[in-house]
Amino acid sequence: MARSPLTREAVLEAAAALVRQHGPDALTMRKLAAELGTAVTSIYWHVGNREQLLDALVERTVRDMGAIRPAGRTPAERIVSVARSMRRELRERPHLIAMVHERGLTDRMFLPAQRALVAEVRAAGLSGARAADAVRAVQFQVVGFVLVERNRERSPVQSPGEAELWDPADAPDDPALARALTRPVDPERLFVLSVRTLTEALLAAG
């Protein structure tokens, strides 16, 4: 069976997969060529040298973040949907996002999602500085939450952890609270709860 002709997009996809899995330092032209089953010269033909390849990956990441679209029936639901998409994209490609940041393109990367949030807060009746504050509050919540998640994931195993530290006796008037704090965190549920609560409060203030 004949192999499909190599394309620039196929090279970028394979390069992005290597960076997502192992970080940018693991991306070499030789390793990329081996992944694609082609010659190194073919890689250069399609994307240029390694630095040009990294620049193309950054542009591709910026483009992909721009594909975020709101979903839902109400402005609040659509804002939460944008926030969830932002979190998912940031979590799925941390090395690529870091490359975008290092090249000073973070603001440009977030602009499409910011515009989507602007449309929704305006649809909910906010305007001016109040609308800008709402947009930025949601954006900061997303980025801050992801940073906390990544820090928890990379930190050493805690001993004792919350499950050992909390005891119903610590909250005698609310043992259910103490029991709940011994259970593992559900980041997705907590994220949606925090963004929805923040969004509803911001829109209600308008």
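Conventions we followed
- Residues numbered from 1 in each chain as written.
- Predicted model: local features only at pLDDT ≥ 70, side-chain atom pairs only at ≥ 80, totals over all residues.
- Heavy atoms only, no water.
- Helix = DSSP H or I, 4+ residues; strand = E, 2+ residues; numbered from the N terminus.
- Contact = heavy atoms within 4.5 Å.
- Core = buried A, V, L, I, M, F, W, Y, C linked by side-chain atoms within 4.5 Å.
- Buried < 20%, exposed > 50% of the residue type's maximum accessible area, 1.4 Å probe, protein only.
- Expected span 1.5 Å × (residues − 1).

Brief notes about the environment of Arg 84
Tracing the backbone through its elements, the reader meets Arg 84 in helix H5 (residues 75–92). The sequence separation of Arg 84 and Ala 98 amounts to 14 residues, and the corresponding C-alpha distance is 19 Å. Leave out the neighbours within four places in its chain, and Arg 84 touches Glu 188, Phe 191 and Val 192.

With respect to the nonpolar core
Ranked by size, the top nonpolar core spans 51 residues in total, and within it Leu 27, Leu 32, Ile 43, Leu 53, Leu 57 and Val 121 carry the most contacts. With residues up to four places along the chain from it excluded, the contact list for Ile 43 reads Val 11, Met 29, Leu 32, Ala 33, Leu 36, Thr 38 and Gly 48.

Points about helix H8 (residues 128–154)
In a regular helix each residue adds 1.5 Å, so 27 residues correspond to 39 Å; H8 covers 39 Å between its end C-alpha atoms and thus fits that length. Those residues of H8 that fall on the buried side of the exposure criterion are Ala 131, Ala 134, Val 135, Val 138, Gln 139, Val 142, Phe 145, Val 146 and Glu 149. Elements that come into contact with the buried residues of H8 comprise H5, helix H7 (106–123) and helix H11 (187–205).

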